[in-house]
Every structure is written in C-alpha cells, then in structure tokens.
Amino acid sequence: HNVAVWHSAATAIAGMECRDSSLFAQATSGPCSLQHLLEQGTSPDGFWFELSLGYQNYVIRALYEVLLAASLRKRTEFQPLHGYMHTLLTSPLRVRFSGDDPPTINDSNRYLQIPDPELLHAIRRVLPTKDGVHAAQSTLDWDTLLDPPVAAPPLGQPPEEEAVEGGGPPVDGHAGTD
C-alpha cells in the first residue's frame, strides 16, 4: 500500500509536469487518489496501517515529493496532505524509548531513530524543523549545495485531539523539535 502512495504521488507529479489533466485527476480523485489512500492507510493514532516505521517513512517521503513538486508549480490542491505528513511524522514520538530508540513495530532494514535525522533532513523544504535544518547544515551534498538550509521557522502545533484543517487524523504535538 505504501507503494500505491508512491505511484499516486508520481502520477500527480507527472500530471503537473506534463500538464496532463487525466493523470492529475487520477492522483486527486477516486480510489487511487492520495487523499483516499491516506484516509484508508493512516490509523486514528497516526500510524501507517502496515505497522512498519520504515514504510511509514516511505509514505512521508512520497508526500514530500508531491508537496515539493506542487509548491514549485504554485499548486495548492495538495495542501490538505500536510496534515497527514505531520501526523505520520509525529506519531512515533509517542512510542519511542529513552535514547530516541523506536520500538520494532514490524520490519526495518536499518536502525531508525525517533525523530529520524535523515528523514527530517530530506523533508526540510516542505516541513522544516530545527533538527532537519541542523542535519542539512551538517551535510554537504547536492541538495544543500543547490538549496542551502536556512533557519527553520517555528513549526506550528495543531491543537491536541483536533483534526488538522483540510483533512488528516488528529495530531498531538509536533516533530519533537523546536
């Protein structure tokens, strides 16, 4: 199912880039739309239904790609997906152990840390956090060369136990960073 999210994200990006309304419609409406996939795949407590933090991070990265592509094209149709991205990113903060170790909910092919500095670095343009910007400032790569990181604005904190405007399950907190 996380693969379906990537497919829908890629379809949305291709639709935007090629100005193909039929591709774009596939990603924005119907059973394979990003909104529908996220509604079906995100549990009320903010975890991806496959119960793998690795897969959850894949979904976050797919959302990042489509949100970045949309923002570069000044498109606003995907703004409601920010709530899902935020929720999926923050839900592991409630179950981490001391030392920021995650529980092994399911499988993982690498050691994960909560919050995951690599993930925060990767998504910093769409969901900037202090830790994500710090990780980007500590990394010399094409990403930071072409788009140097600047200080992160304060990350808004939706009210506890209230749905994020425009969709998404309830969230309680932020990405664990100021």
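Located above this text is the structure these notes cover.
Residues numbered from 1 in each chain as written. Predicted model: local features only at pLDDT ≥ 70, side-chain atom pairs only at ≥ 80, totals over all residues. Heavy atoms only, no water.

1. Points about the overall build of the chain
And step 1. Counting its secondary structure elements, the chain contains 8 helices and 2 strands.
And step 2. If you list the helices and strands of the chain from N to C, you get α-α-α-α-α-α-α-α-β-β.
And step 3. A total accessible area of about 9,400 Å² is found for the chain, and carbon and sulfur atoms account for 56% of it. (Helix = DSSP H or I, 4+ residues; strand = E, 2+ residues; numbered from the N terminus. Areas by Shrake-Rupley, 256 points an atom, 1.4 Å probe, with all protein chains shown as cover.)

2. Some thoughts on the nonpolar core
And step 1. Among the nonpolar cores identified, the biggest contains 31 residues, and L38, L63, V66, F78, L81, M85 and I123 are the most heavily contacted of them.
And step 2. Elements supplying a minimum of two residues to this core: α1 (2-18), α2 (21-28), α3 (34-41), α4 (53-72), α5 (81-90) and α6 (117-122).
And step 3. Among the elements that take part in this core, α4 stands out by supplying 10 residues, more than any other.
And step 4. Core analysis: the next-biggest nonpolar cluster, separate from the first, contains 5 residues, L53, L93, L112 and I114 among them. (Core = buried A, V, L, I, M, F, W, Y, C linked by side-chain atoms within 4.5 Å. Buried < 20%, exposed > 50% of the residue type's maximum accessible area, 1.4 Å probe, protein only.)

3. A short note on the side chain of H121
And step 1. Locating H121 in the fold gives a position in helix α6.
And step 2. In contact with H121, not counting residues within four places along its chain, are G132, A135, A136, T139, D141, D143 and T144. (Contact = heavy atoms within 4.5 Å.)

4. Some details on unusual backbone geometry
And step 1. In this structure, R19 is a non-glycine residue whose phi angle is positive, near 50°.
And step 2. Here R19 is to be found in the loop between α1 and α2.
And step 3. Take R19: its relative accessible area is 78%, and that puts it in the exposed class.
And step 4. For K74, which is not glycine, the phi torsion reads 55° and is therefore positive.

5. What to know about the packing of aromatic side chains
And step 1. Under the defined criterion, the tally for this structure stands at 3 aromatic pairs.
And step 2. Ring centres 5.6 Å apart and planes at 80° place the aromatic pair F24 and F78 in the edge-to-face group. Residue F24 is found in helix α2, and its partner F78 is found in the loop between α4 and α5; the two are separated by 54 residues along the sequence. You'll find F24 and F78 in the same group, each marked buried.
And step 3. Aromatic side chains Y55 and Y58 sit 5.9 Å apart centroid to centroid with 35° between the ring planes, which places their arrangement in the tilted category. Placement of both Y55 and Y58 in helix α4 is noted, with a separation of 3 residues, approximately one turn of the helix.
And step 4. Relative accessible area serves as the criterion here: at 28%, Y55 is assigned to the partly exposed category.
And step 5. Relative accessible area serves as the criterion here: at 33%, Y58 is assigned to the partly exposed category.
And step 6. Above the ring of F24, the side-chain terminus of R75 is found at 4.4 Å from the ring centroid. (Phe/Tyr/Trp six-rings, centres within 6.5 Å; stacked < 30°, edge-to-face > 60°. Lys NZ or Arg CZ within 6 Å of the ring centre and 35° of its normal.)

6. Regarding empty space enclosed by the protein
And step 1. Applying the stated criterion to the full structure yields 1 cavity of 30 Å³ or more.
And step 2. Space inside the largest cavity adds up to approximately 130 Å³.
And step 3. Along its surface, the largest cavity is lined by 14 residues, and N57, P92, Q113, I114 and D116 are the ones closest to its centre.
And step 4. Secondary structure elements with two or more residues in the lining of the largest cavity: α4, α5 and α6.
And step 5. Element by element, the count of residues in the lining of the largest cavity is highest for α4, at 4 residues. (1 Å grid on protein atoms, 1.4 Å probe; cavity = no way out; pocket = protein on both sides within 12 Å on 5 of 7 lines; lining within 4 Å. Points joined across faces, edges and corners; volume = space filled by probe spheres on them.)

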